[in-house]
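Analysis of the macromolecular model
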There are 6 protein chains.
Amino acid sequence: MPYVNVKVAGNLTEDQKRKIVEGITELLQDVAGKPPESTYVVIDEVNRENWGKGGKLLSDKEK
Amino acid sequence: MPYVNVKVAGNLTEDQKRKIVEGITELLQDVAGKPPESTYVVIDEVNRENWGKGGKLLSDKEK
Amino acid sequence: MPYVNVKVAGNLTEDQKRKIVEGITELLQDVAGKPPESTYVVIDEVNRENWGKGGKLLSDKEK
Amino acid sequence: MPYVNVKVAGNLTEDQKRKIVEGITELLQDVAGKPPESTYVVIDEVNRENWGKGGKLLSDKEK
Amino acid sequence: MPYVNVKVAGNLTEDQKRKIVEGITELLQDVAGKPPESTYVVIDEVNRENWGKGGKLLSDKEK
Amino acid sequence: MPYVNVKVAGNLTEDQKRKIVEGITELLQDVAGKPPESTYVVIDEVNRENWGKGGKLLSDKEK
């Protein structure tokens, strides 16, 4: 019955999302016996202006 | 002092959101005595390309 | 495919949890057509020492 | 190793986000000795139509 | 800069947690180029009495 | 109407929690004009065995 939330800074392609969902679902089946049909994975693509690390916005670090 | 987060795949109309907020707030008052004014409900409408179930993106299942 | 997270300060009885899960699942079916089997509800009972409101811990407000 | 998620109704300016990230990161260093580099802060700006309080959408309260 | 939250019903062994953290961190590196050191994975083991599916508590389904 | 969730690895003292709640509530008032009474802060103290960084459990890094 797992629920997994993945937050990344910036965007992912549709194919990257597909592989993340496949990979996490298989991992939870292999490691913990969780049936794939019961695993939900929700991916949040967070604007770099809305993610801070080390006291700075990621969007500022790139400048 | 409840905080409730509702995540759904795809979109809701404004009226559906209104009824979800009303319904959950009343439920928590009736069942657990939580005062309505203290209940926050935050609704996330998640792109179907960002939600995986059974190892597949919902947007792929529909194809 | 909804996922709902309910956070309350303090504890709930098993029967209160049962009614919250039933009520939210029915609400999402009635209002938005979500099939009950696909709705997950996860309830977090948060220690009052770990919940702040108005700048104070709930556990301090009671003293 | 802290992870902090800030949800606000409506929008923030880039400068407000910058100050929130700086302030929370410093606070966790001062109060709990958490190294700034290990602190992540993720800010969610929630549409007022998607936030309920007191059983009503914030967008309805303003009308 | 990913942050991943894994919620499962019931408990995991320390070794299962180790493999979940390793597997997700590698996956995000392979699929999306995320540096392992920047990936946080937080695992929540949720009491079956606090997880509802299909309108019922998981702890009731087992009876 | 802010809702803030702070996750830390390991435990905090009651006084550290008090200062975190005070500090974040003041910060959101000063920076973004959020009324203190409407700010909720929920603190999760996560077991080091349940937090992974760099592909390893924090509890393994200490050994």
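Our subject is the structure that appears above.
Here's a quick rundown of the structure. Every residue gets a number counted from 1 within its own chain, in the order that chain's sequence is written. Each chain is given a letter, starting from A, and each ligand a number, starting from 1, according to the order in which they appear as written. Whole-chain, interface and lining totals are the exception, using all residues; otherwise, since this is a predicted model, local features are given only for residues with pLDDT of at least 70 and side-chain atom pairs are given and counted only at 80 or more. In computing side-chain properties, one takes all heavy atoms of the structure into account and sets aside hydrogens as well as water.

The next subject is the environment of C:Val41. Its place among the elements puts C:Val41 in strand β2 (residues 40–46). As for C:Val41 and C:Glu62, which are separated by 21 residues in sequence, their C-alpha atoms are 29 Å apart. Working definition: helices are DSSP H or I runs of at least four residues, strands are E runs of at least two. Numbering for both runs from the N terminus.

Moving on, we come to the pattern of salt bridges. Side chains carrying opposite charge are able to pair once their charged atoms draw close together. By convention in these notes, a salt bridge is any Lys or Arg side-chain nitrogen within 4 Å of a carboxyl oxygen on Asp or Glu. Evaluated as defined, the whole model comprises 54 salt bridges over all chains. The residue B:Lys53 makes a salt bridge to A:Glu37 at a minimum N-O spacing of 3.9 Å. Here B:Lys53, found in strand β3 (residues 51–53), pairs with A:Glu37, found in the loop between α1 (14–32) and β2 (40–46), and the two come from separate chains. A 1.4 Å probe rolled over the protein chains alone gives each residue an accessible area, and that area as a share of the maximum for its type sets the label: buried under 20%, exposed over 50%, partly exposed in between. For B:Lys53, a relative accessible area of 16% translates into the label buried. Among the residues examined, A:Glu37 registers a relative accessible area of 47% and is labelled partly exposed.

Following DSSP output, two strands are said to pair if at least two bridges run between them. One open sheet accounts for eight strands, arranged β4(A)-β3(A)-β2(D)-β1(D)-β1(F)-β2(F)-β3(C)-β4(C); its pairing is mixed. Each edge of the open sheet carries a strand with a single partner, namely β4 (56–57) of chain A together with β4 (56–57) of chain C. Where strand β3 (residues 51–53) of chain C lies against strand β2 (residues 40–46) of chain F, three bridges are found, and the strand directions are antiparallel. Looking at the pairing, C:Lys53 lines up with F:Tyr40 of β2(F). Here a residue-residue contact requires only that any non-hydrogen atoms of the pair lie within 4.5 Å. Only C-alpha atoms enter the line fits that serve as axes; for helices the fit covers just the stretch in contact. Angles between N-to-C directions range over 0 to 180 degrees. With respect to the sheet, helix α1 (residues 14–32) of chain F is in contact with β3 and β4 of chain C, β1 (3–9) of chain D together with β1 (3–9) and β2 of chain F, its orientation differing from that of β2(F) by roughly 140 degrees.

In this comparison the copies share one frame, found by least squares on the C-alpha atoms of residues holding pLDDT of at least 70 in both. Once chain B is rotated about the relating axis by 180 degrees and shifted along it by 0.0 Å, it coincides with chain F to within an RMSD of 0.0 Å. Here the transformation between the copies is reduced to the relation of a two-fold axis. A share of 100% of the interface residues of chain B reappears at the interface of chain F, consistent with the copies meeting face to face through the same patch.

Of the residues lining the interface, 23 residues belong to chain A; the matching set on chain E comes to 23 residues. Viewed at the interface, chain E and chain A are joined by zero salt bridges. Pairs of N or O atoms are called polar contacts if they sit within 3.5 Å, as long as, within protein, a hydrogen donor faces a hydrogen acceptor (for residues adjacent in sequence, only side-chain-to-side-chain pairs). Connecting chain A to chain E are five residue pairs in polar contact (both at pLDDT 80 or more). Broken down by element, the residue count for the side of chain A that touches chain E peaks at nine residues, all from α1(A). Tallied by class, the residues present in the side of chain A that touches chain E amount to 16 nonpolar, three polar and four charged. Sheet topology places strand β1 (residues 3–9) of chain A next to strand β1 (residues 3–9) of chain E; five bridges connect them, and they run antiparallel. From the neighbouring strand, A:Asn5 faces β1(E), where its bridge partner is E:Asn5. Residues are grouped as follows: Ala, Val, Leu, Ile, Met, Phe, Trp, Tyr, Cys and Pro are nonpolar; Asp, Glu, Lys and Arg are charged; all remaining types, including Gly, are polar.

Any link to function would need more than the numbers given here.
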